[in-house]
Amino acid sequence: MKLHQVEVLDREKFGNHTLLRYRWAGDTPRPGQFIMVRTTLSASASTLDPFLSRPLFVHDYADGEVSLLFEVRGRGTALLAEESSHVTVSAPLGRGFGLNVDGPVALVSGGVWVSPFKLLSRNLSLLDIPHDLYLEIPASAPEAYAVWISKAYPTATFVRTDEGQEAPHDLLKSMGDLSRYRALYASGTSETLATLREASLDVVPAQLAVRERMACAVGSCYGCAVPVWRSGERTYARACVDGPVFEAEVLAW
């Protein structure tokens, strides 16, 4: 996997989240694809800590600029959140959302996993496909994140949830009758995706963006395997090359 050093244009922090933008002259990202990204080592660096790049969904792309939206979860993302000069990135990777629909469609984000939806919404608008957004704001989300997301997605329906197992169901209830949509696109916690998968089966085609730990991002290590159905048998697919977006009925959860 080839990596490229790119210029950081700006970064914005809100709560535990960071929005980082950089200039990109390579392949145009498709909605739902991801980037492997890490801080750029200086000439005097003596360690590779952290060693692995982080997989992050492409949040948006316009006029040669890519943005990545991520939550600080550990050392790698903490270093990225502080970077203001250059980062090292891959080209866009993976299988993204399919857009061969006439609409209307629903975009559903559980937890704080809205990251792939700005580019998806932009592309749906360019194709004149009407779409509704349902975005969860969990009780654990910092208020700065809630303020930012309300400004970034002014037409969305926001669902504030409490901690616990009912949160995915509260998000689902806010959507009403799913059969009025021609497709459903979802990103979220495993609990949210499982709930939406069960509700959408035999009602509306759904595409789910899964989040798995990745090491190689080219399908060699099988570290991001997810259970799927193939020819009636339960087997495994690699999120990095077969996904990260899967049709709901394919996932063997």
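The structure presented is a predicted model; accordingly, all values stated were derived computationally and were not measured. Each chain has its residues counted from 1, following the order in which its sequence is written. Totals for whole chains, interfaces and linings use every residue, but because this is a predicted model, local features are given only for residues with pLDDT of at least 70 and side-chain atom pairs only at 80 or more, for both listing and counting. The side-chain figures draw on all heavy atoms in the structure; neither hydrogens nor water molecules are used.

Which residues make up the sheet that holds strand 11 (residues 206-209), and what values do they have?
Note: two strands are recorded as paired if DSSP finds a minimum of 2 bridges between them. What counts as a helix is a DSSP run of H or I of at least four residues, what counts as a strand is a run of E of at least two, and both are numbered from the N terminus. Taken in spatial order, the six strands line up as 9-8-7-10-11-14 in an open sheet, and their pairing is mixed. Each edge of the open sheet is held by one strand with a lone partner, namely strand 9 (157-161) and strand 14 (245-247). Geometrically, the sheet is characterised by an average inter-axis angle of 20° between neighbouring strands, direction not taken into account. Taken together, the four bridges between strand 10 (residues 183-187) and strand 11 define a ladder with parallel strand orientation. The residue of strand 11 that forms the bridge with serine 187 is alanine 209. Between two residues, a contact is recorded if the distance between any of their heavy atoms is within 4.5 Å. Axes here mean lines fitted to C-alpha atoms, for a helix over just the part in contact, with angles spanning 0 to 180 degrees between N-to-C directions. Packing of helix 3 (residues 143-152) onto the sheet brings it into contact with strand 8 (131-138) and strand 9, and relative to strand 9 it is tilted by some 165°.

Explain the sheet that holds strand 6 (residues 86-90) to me, and be specific about the residues and the numbers.
Taken in spatial order, the six strands close into a barrel running 1-2-5-4-3-6, and their pairing is antiparallel. Strand-to-strand, the axes of this sheet are offset by a mean angle of 45°, without reference to chain direction. By the bridge criterion, three bridges tie strand 3 (residues 34-39) to strand 6 in an arrangement that is antiparallel. Among the inter-strand pairings, arginine 38 is bridged to a residue of strand 6, identified as threonine 88. Together, strand 1 (3-14), strand 2 (17-23), strand 4 (54-62) and strand 5 (65-71) form the strand contacts of helix 3, whose direction differs from that of strand 1 by roughly 105°.

Mind laying out the pattern of salt bridges, listing which residues take part and the relevant values?
Salt-bridge detection follows one rule: a side-chain nitrogen of Lys or Arg within 4 Å of a carboxyl oxygen of Asp or Glu. Following the criterion strictly, the structure yields ten salt bridges and no others. Among the salt bridges present, the one from aspartate 242 reaches arginine 230, with a minimum N-O distance of 3.9 Å. With aspartate 242 in the loop between strand 13 (233-238) and strand 14 and arginine 230 in strand 12 (residues 225-230), this residue pair connects regions lying twelve residues apart in the sequence. Think of it in three bands: with a 1.4 Å probe and only protein chains considered, a residue is buried below 20% of the maximum accessible area for its type, exposed above 50%, and partly exposed in between. Taking the relative accessible area as the measure of exposure, arginine 230 reaches 42% and is therefore partly exposed. Take aspartate 242: its relative accessible area is 25%, and that puts it in the partly exposed class.

Mind laying out the confidence of the model for the protein chain, listing which residues take part and the relevant values?
pLDDT is defined as a per-residue confidence score from the predictor, taking values between 0 and 100. Looking at the protein chain, pLDDT values average 92 and 96% of them are 70 or higher. Long-range and interchain partners of residues 42-46, a stretch whose pLDDT sits below 50, account for zero contacts in this model, where long-range means more than four residues apart.

Requested: an account of a nonpolar patch on the surface, with residues and values cited.
Where nonpolar side chains cluster on the molecular surface, the patch consists of Met1, Leu3 and Val218 and spans about 250 Å² of accessible area. As for its position among the elements, leucine 3 is in strand 1. Patch membership needs two things, relative accessible area over 30% and no salt bridge, and members are linked within 9 Å if like-charged or within 5 Å if nonpolar (Val, Leu, Ile, Met, Phe, Trp, Tyr). The method behind every accessible area is Shrake-Rupley, applied with a 1.4 Å probe, and residues are considered shielded solely by the protein chains displayed.

Requested: an account of the side chain of histidine 17, with residues and values cited.
In this fold, histidine 17 is placed in strand 2. Excluding its chain neighbours within four sequence positions, the residues that come into contact with histidine 17 are Glu12, Leu69, Phe70, Glu71, Val112 and Tyr145.

Could you give an account of the pairing of strand 4, with specific residues and numbers?
Where strand 3 and strand 4 come together, four bridges link them in antiparallel fashion. Paired with isoleucine 35 across the bridge in strand 4 is leucine 56. Examined bridge by bridge, strand 4 and strand 5 share four bridges and lie antiparallel to one another. Paired with tyrosine 61 across the strands is valine 66, a residue of strand 5. Taken together, strand 4 and the strand that follows it, strand 5, pair antiparallel across an intervening segment of two residues, in which aspartate 63 is found at a positive phi of about 55°.

For the environment of valine 204, give the residues involved together with the corresponding values.
Mapped onto the fold, valine 204 is located in the loop between helix 5 (190-200) and strand 11. A relative accessible area of 6% means that valine 204 is categorised as buried. A sequence separation of 66 residues divides valine 204 from proline 138, and the C-alpha atoms of the two residues are 26 Å apart. Contact partners of valine 204, with chain neighbours within four places excluded, come to Leu178, Tyr181, Arg182, Ala183 and Leu184.

With reference to specific residues and values, describe the packing of aromatic side chains.
In summary, the pairing rule links any two rings of Phe, Tyr or Trp, Trp by its six-membered ring, whose centres are within 6.5 Å, and it sorts them by plane angle into stacked for under 30 degrees, edge-to-face for over 60 and tilted for everything else. The full count for this structure, using the stated rule, is six aromatic pairs. An angle of 10° between the planes, with centres 4.5 Å apart, marks the rings of phenylalanine 14 and tryptophan 148 as stacked. Residue phenylalanine 14 is found in strand 1, and its partner tryptophan 148 is found in helix 3; the two are separated by 134 residues along the sequence. The exposure classification of phenylalanine 14 matches that of tryptophan 148, with both residues buried. When the centroid spacing of 5.3 Å and the interplanar angle of 85° are considered together, the rings of phenylalanine 97 and tyrosine 185 count as edge-to-face. Residue phenylalanine 97 is located in the loop between strand 6 and strand 7 (105-109), and its partner tyrosine 185 is located in strand 10; the two are separated by 88 residues in the primary sequence. The buried category is assigned to tyrosine 185, whose relative accessible area is 0%. Ring pairs connect the aromatic residues Phe14, Tyr145, Trp148 and Tyr153, which therefore count as one cluster. Here the guanidinium or amino end of lysine 118 rests over the ring plane of tyrosine 153, the centre of that ring lying 4.3 Å away. Counting as a charge over the ring demands two things of the Lys NZ or Arg CZ atom: a distance within 6 Å of the ring centre and an angle within 35 degrees of the ring normal.

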